[in-house]
Amino acid sequence: MSVLVENIPQHVAIIMDGNGRWATKRGLPRIEGHRRGVETVRTATLAARDLGVRMLTLYAFSIENWKRPQDEVGALMGLLEYYLKRELETFVRDRVRLRTIGRIEDLPAGVQKVLRMTTEETKHFNDYTLVLALNYGARTEMVDAARAYAAAVAAGHEKLNDSSWETFDRYLYTAGMPEPDLIIRTSGETRVSNFLLLQGAYAEYIFTPVLWPDFTKADLAAALAEYSRRERRFGLTSEQVKAAMDK
Ligand code: FPP
């Protein structure tokens, strides 16, 4: 498929939603929806790169997801481990760098092990990065960053009087990553659910009714096309943005 889109977002983030509904609509157990969702993760990862995106962040498991029924949580962790073991080879072959954001240390030991191995083996790829948000919550990230920042101040590595967004930003899980330009949520829900609240301050949001297991490369291309038609102003006026672009 060839899609001509100007102004491609460098970093796209996706709230993958609708696995449960996809399964329920077909009279299947919810976990079947997650299983199909894993296949969409693979499709979306390669599709984003084909379309010129440099970084894709996927909200795979939120801090709040632990409150789901134990069997669903267990199945999701099992799927994650299965997915990572299966993909390691393709990440290396396709030069996909894997990175994570979230409280990884609270995930099951088996998942942590395969995550560590995969991030280590792919860390030298720098054309395209897949970021998995795992055990992630923006408020927890904020608390963790505040703690780390306070510790750095106490140790004399940071000066409280020099505090700025640029210095604080380095203590977030996303340190060193570009901010998301575009955040997509599937399944028709129009919430941000504690996802990249600070980093998404200037992101464009697109909400699509498509359920995650049904999300295709064409849906992603449509979102990129819509993004390219929007004018990002970062607090400026439209005239100022146009003048800056004409320079
Ligand atoms: C939302 O669907 C999706 C999740 C809670 C998790 C997303 C997980 C996957 C796509 C599979 C595992 C991920 C990886 C990276 C291997 P939902 O269950 O909330 O759907 P519903 O709102 O229709 O119930």
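This report concerns the structure included in the present document. Quick caveat: nothing in here was measured; it's all calculated off a predicted structure.

With respect to the overall build of the chain
Inference 1: A count of helical and extended segments in the chain gives 8 helices and 6 strands.
Inference 2: Along its sequence from the N terminus, the chain presents helices and strands in the succession β-α-α-β-α-β-α-β-α-α-β-β-α-α.
Inference 3: A compact globule built from 247 residues would reach a C-alpha radius of gyration of about 18 Å, and the chain, at 19 Å, matches this within 12%.
Inference 4: Along the longest, intermediate and shortest principal axes, the C-alpha atoms of the chain span 55 × 50 × 35 Å.
Inference 5: Out of the 247 residues in the chain, the part that is buried amounts to 46%.
Inference 6: Long-range pairs, those at least 24 residues apart, make up 76% of the contacts in the chain between residues at least 6 apart in sequence.
Inference 7: On the chain, roughly 13000 Å² of surface is accessible, and the fraction owed to carbon and sulfur atoms is 53%.
Inference 8: Side-chain charges in the chain split into 34 positive and 33 negative, and the spacing between the mean points of these groups amounts to 2 Å.

Side note on the site of the ligand
Inference 1: Asp17, Gly20, Arg21, Arg30 and Arg68 are the nearest of the 17 residues found near the ligand.
Inference 2: Note that an oxygen atom of the ligand is positioned 2.7 Å from one of the backbone N or O atoms of arginine 21.
Inference 3: When isolated, the ligand has an accessible area of 610 Å², and the protein chains bury 92% of it.
Inference 4: For the ligand, the cavity whose grid points lie within 2 Å of the majority of its atoms is the largest pocket.
Inference 5: Elements represented by at least two residues in the shell around the ligand include exactly helix H1 (19-25), helix H2 (30-50) and helix H3 (70-94).
Inference 6: At 4 residues, the largest contribution of residues to the shell around the ligand is made by H2.
Inference 7: Its residues placed into classes, the shell around the ligand shows 7 nonpolar, 6 polar and 4 charged.

The rules behind the values
- In this convention, every chain numbers its residues from 1, walking through the sequence in written order.
- Only residues with pLDDT of 70 or above have their local features reported here, since the model is predicted, and side-chain atom pairs are shown and tallied only from 80 upward, although totals for entire chains, interfaces and linings are computed over all residues.
- Hydrogens and water molecules were not included; the side-chain quantities draw on all heavy atoms of the structure.
- Helix numbering and strand numbering both begin at the N terminus, where a helix is a DSSP run of H or I of at least 4 residues and a strand a DSSP run of E of at least 2.
- Between the two quantities, the radius of gyration covers C-alpha atoms and the globule rule is 2.2 Å times the number of residues to the power 0.38.
- Any residue under 20% of the maximum accessible area for its type is buried, any over 50% is exposed, and the rest in between are partly exposed; the area is computed with a 1.4 Å probe on protein chains only.
- By definition in these notes, contact holds between two residues if any of their heavy atoms fall within 4.5 Å.
- Residue exposure ignores everything except the shown protein chains as possible cover, and the areas themselves are Shrake-Rupley values with a 1.4 Å probe.
- Positive charges are assigned to Lys and Arg, negative charges to Asp and Glu, while His and the chain termini are left out of the count.
- A charge is said to be at NZ when it belongs to Lys, at CZ for Arg, at CG for Asp and at CD for Glu.
- Any residue with at least one heavy atom within 4 Å of a molecule or strand is counted as near it.
- In the analysis that follows, any N or O atom pair within 3.5 Å is treated as a polar contact, provided that within protein one partner can donate a hydrogen and the other can accept it, and provided that, for residues neighboring in sequence, both atoms belong to side chains.
- With a 1 Å grid laid over protein atoms only, a set of points is called a cavity when a 1.4 Å probe fits there but cannot get out and a pocket when it is open yet has protein on both sides within 12 Å along at least five of seven lines; lining residues have an atom within 4 Å of a point.
- For a cavity or pocket, the test is whether more than half of a molecule's atoms lie within 2 Å of its grid points; if they do, the molecule sits there.
- Basically, the charged four are Asp, Glu, Lys and Arg, the nonpolar ten are Ala, Val, Leu, Ile, Met, Phe, Trp, Tyr, Cys and Pro, and anything else, Gly included, counts as polar.

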